[in-house]
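If you want the building blocks of each chain, they are given just below.
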Amino acid sequence: MTYLKNMNVCRYSYKFGLLLSVVSLNTNIIYCIHHPTGSKLNFTNITMSTVHIHPSRKDNYPSTEYPGLTNEFQMEHAKKVEEVRSVLKEVGEDTLKALLMIDAVQRLGIDYHFHGEIEAVLERLYTKFNMSDCHNDLYELALGFRLLRQEGYYVSADVFNNLKDKEGKVQGKISRDIEGLMGLYEASQLSIKGEDILEEMGNFSSQLLNAWNTNDDQSQARIVRNTLGHPHHKSLARFMAKSFLSGFQGTEGWINVFKELAKMDFNLVKSIHQKEIRQVSKWWKDLGLAKELKFARNQPLKWYMWPLAVLPHPSLSEQRVELTKPISLVYIIDDIFDVHGTLDELTLFTEAVNKWEYEAVEPLPDYMKTCFNALNGITNEISSKVYKDYGWNPIDSLRKSWAILCNAFLVEARWFSVGHVPKTDEYLKNGIISSGVHVVLVHMFFLLGHGITKRNVDIVDDFPGIISSAATILRLWDDLGSAKDENQEGHDGSYLDCYMKENPGTSIENARCHVMHYISETWKLLNWQCLPPNPFSSCFTKACLNVARMVPLMYSYDGNQCLPSLEEHMKSLV
């Protein structure tokens, strides 16, 4: 087995990245005095002095404040954290018990307290974890594989060949091990291209679990359904924590300690989210776009759910609030292109975003000036903040990302204006850009401030594979949706439409199966792109994964054009 781990880059366990050299920057930043009402822009040049950047080798997180909670509660919470920490440190040589504990803290969403302890356990387990010795215990094999690989330890999928007999058939006794089959299905979600054995085991376990799902044991059947519908690797742990907690039973004392901390932690994190929602709501109201652009969506809470899901670490509160701002503009600009602007107006707006000059803004209609004013203000405010916090001026990267997005929006508008249905490859190449994922993740990269170097900035600017894969999954899921956004009735294209025109006679069911297969293959690519070596921090890498994980919740509309699953999570989390 090959051990692919680099330097100790961050508090998460991937160990991505390299030791970065000192970088200096002497630049000017444009600061905009922002007027939400759409009045003329006031551009001011502020010269920044040379700043030397010493990239941290870890994803350093700021201290966390918990608003609205008593000191007594916070002290009791801190005490409970130390209890769990002691349990993790004292797990000893019991491999399965250690794996179960790590799995539990991750599923409960409390693992961010214990990165050091989890890393120590996995390091120890990896050095002694001889998979060939534990092939008789299917669950231990599958769980160990999943936990090690998802934390950046490369474990070969060949270990699952031990589950076959001499004739190459899966051993019959495995089919009766429901717990082991669930672990095997979970492990198969981390497959990468070329790992045929994992794909075979995923299909094998899925088939047996679906058949078993009709069993009279309702409690076990519910767990099986949840595993099939929400495998851990493709789900958001914090969104699934309550469901896991309700079924987290056992006689061992450590289970109760973990549950007690999870319940307390939920209240602490919820207090942070509620504070953030108040900040986002006030910002959105003060911005004034909801009044000025009545045709556009007005959903700040829904937009905030993206950074809440993508950046779950409680200490990243400021980053979540700031990231909501460009996300909101992606939706607003999308509505301008999709439901309101004429083609001539959209062409002028795209030119203005590409040039980013006052002369290009002046010919725009008032509603577009209002939007560009907000875009300019947000872009410059974030640039100023990033420069202040990390010594790097990202304004060129941010402006470039907006220009690329608007160019893609304009391509789609032109297609629609002439009734053109593009080939699937042409549609998807443009569609992953118009998804807005690149814009959002470029902003997030700079707001996190991890590993900002000229090399990494160039990689982020050029739409790297890890971003492209997440965007592909979003675009394809969006096009699978059975209903449009409840507040948007526009002229979006669809990969399904392109595919069916390109393949005459194909049924909608076959087209949807093709798209689901495409999504599955893209997940394999994303899994590979997240393995080390990787130029990005583990926080950024996991955020890209979280974008893909959030997509089904954000785009699974029901017949009433609502998102019931997302709404349920919103109520529980905030």
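A quick note: this is a predicted structure, and the numbers were derived from the prediction, not measured.

1. A look at the overall build of the protein
Inference 1: Secondary structure summary: the protein contains 24 helices and 4 strands in total.
Inference 2: Within the protein, the proportion of its 574 residues that are buried is 57%.
Inference 3: Counting only contacts in the protein whose residues sit at least 6 apart along the sequence, the fraction spanning at least 24 positions is 74%.
Inference 4: Just so you have it, the protein exposes about 24,500 Å², and 51% of that area is on carbon and sulfur atoms.

2. Description of the pattern of salt bridges
Inference 1: Per the counting criterion, the structure on display carries 25 salt bridges.
Inference 2: For Arg107, the salt bridge is made with Glu186, and the minimal N-O distance between the two is 3.1 Å. Placement of Arg107 in helix α2 (residues 95–107) and of Glu186 in helix α5 (residues 178–188) is noted, with a sequence separation of 79 residues between them. Just as Arg107 is buried, Glu186 falls in that class too.
Inference 3: Between Lys542 and Glu151 there is a salt bridge; the shortest N-O distance is 3.5 Å.

3. Quick look at α5
Inference 1: Of all 11 residues in α5, 10 are buried, a share of seventy percent or more.
Inference 2: For α5, the full list of buried residues reads Ile178, Gly180, Leu181, Met182, Gly183, Leu184, Tyr185, Glu186, Ala187 and Ser188.
Inference 3: For α5, the elements touching its buried residues are α2, α4 (138–150), α6 (196–212) and α7 (218–229).

4. Some details on unusual backbone geometry
Inference 1: The residue after Pro532, namely Pro533, is reached through a cis peptide bond having omega 0°.
Inference 2: Relative to the helices and strands, Pro533 is located in the loop between α22 (508–530) and α23 (538–555).
Inference 3: The phi torsion at Trp356 lies on the positive side, around 55°, for a residue other than glycine.
Inference 4: With respect to the helices, strands and loops of the structure, Trp356 is situated in the loop between α13 (343–355) and α14 (358–361).
Inference 5: Even without being glycine, Phe463 reaches a positive phi, approximately 60°.
Inference 6: Classification of Phe463 by relative accessible area gives buried; the value is 17%.

5. Some points on the nonpolar core
In globular proteins that are soluble, nonpolar side chains generally tend to be buried together.
Inference 1: In terms of nonpolar packing, the biggest core is built from 104 residues, with Trp306, Ile333, Phe349, Trp402 and Phe540 touching the most fellow members.
Inference 2: Sorting elements by how many residues they give to this core places α23 first, with 12 residues.

6. Some thoughts on the packing of aromatic side chains
Inference 1: Throughout the structure, instances matching the rule amount to 17 aromatic pairs.
Inference 2: Ring geometry for Trp284 versus Trp303: centroids 5.1 Å apart, planes at 85°, classification edge-to-face. Residue Trp284 is found in helix α9 (residues 253–287), and its partner Trp303 is found in helix α11 (residues 300–310); the two are separated by 19 residues along the sequence. Across the pair, Trp303 and Trp284 agree in class, each one buried.
Inference 3: When the centroid spacing of 6.4 Å and the interplanar angle of 15° are considered together, the rings of Tyr495 and Tyr499 count as stacked. You can see Tyr495 and its partner Tyr499 sitting in helix α21 (residues 495–502), 4 residues apart, about one turn around the helix.

7. Thoughts on the environment of Leu410
Inference 1: Note that Leu410 resides in helix α16 (residues 395–417).
Inference 2: For the pair Leu410 and Asp338, spaced 72 residues apart in sequence, the C-alpha to C-alpha distance is 9.6 Å.
Inference 3: The contact partners of Leu410, leaving out residues within four places of it in the chain, are Phe337, Leu343, Leu346, Thr347 and Thr350.

8. Examining the packing of helix α17 (residues 424–434) against helix α20 (residues 465–480)
Inference 1: Look at α17 against α20: their axes get within 8 Å of each other, and the N-to-C directions meet at 100°. In terms of axis orientation, α17 runs roughly perpendicular to α20. For the pair α17 and α20, contact is made by Tyr427, Leu428, Gly431, Ile432 and Ser434 and by Ser468, Ala471, Thr472, Arg475, Leu476 and Asp479, respectively.
Inference 2: Of the residues assigned to the contact of α17 with α20, the class counts are 5 nonpolar, 4 polar and 2 charged.

9. Focus on the confidence of the model for the protein
Any region with low pLDDT has predicted coordinates that should not be read closely.
Inference 1: When the pLDDT values of the protein are averaged, the result is 83; 81% of them are 70 or greater.
Inference 2: Within the protein, strand β4 (residues 51–53) has the poorest average pLDDT of any element, 27, and helix α18 (residues 437–448) the best, 98.
Inference 3: Here residues 1–58 is modelled with pLDDT under 50, and outside its nearest four sequence neighbours on either side it reaches 168 contacts, counting other chains as well.

10. Describing the packing of α18 against α20
Inference 1: Look at α18 against α20: their axes get within 9 Å of each other, and the N-to-C directions meet at 140°. The angle between α18 and α20 falls in the class oblique. The crossing of α18 and α20 is right-handed. Judged by residue contacts, Val437, His438 and Leu441 of α18 engage Ile467, Ala470, Ala471 and Leu474 from α20.
Inference 2: Residue classes in the contact of α18 with α20 are distributed as 6 nonpolar, 1 polar and no charged.

The rules behind these values
Residues numbered from 1 in each chain as written. Predicted model: local features only at pLDDT ≥ 70, side-chain atom pairs only at ≥ 80, totals over all residues. Heavy atoms only, no water. Helix = DSSP H or I, 4+ residues; strand = E, 2+ residues; numbered from the N terminus. Buried < 20%, exposed > 50% of the residue type's maximum accessible area, 1.4 Å probe, protein only. Contact = heavy atoms within 4.5 Å. Areas by Shrake-Rupley, 256 points an atom, 1.4 Å probe, with all protein chains shown as cover. Salt bridge = Lys/Arg side-chain N within 4 Å of Asp/Glu carboxyl O. Core = buried A, V, L, I, M, F, W, Y, C linked by side-chain atoms within 4.5 Å. Phe/Tyr/Trp six-rings, centres within 6.5 Å; stacked < 30°, edge-to-face > 60°. Axes fitted to C-alpha atoms, helices over the stretch in contact; angles between N-to-C directions. Parallel < 35°, antiparallel > 145°, perpendicular 65-115°, else oblique. Nonpolar A, V, L, I, M, F, W, Y, C, P; charged D, E, K, R; others polar. pLDDT = per-residue confidence, 0-100. Left-handed = near helix turned anticlockwise from the far one by under 90°.

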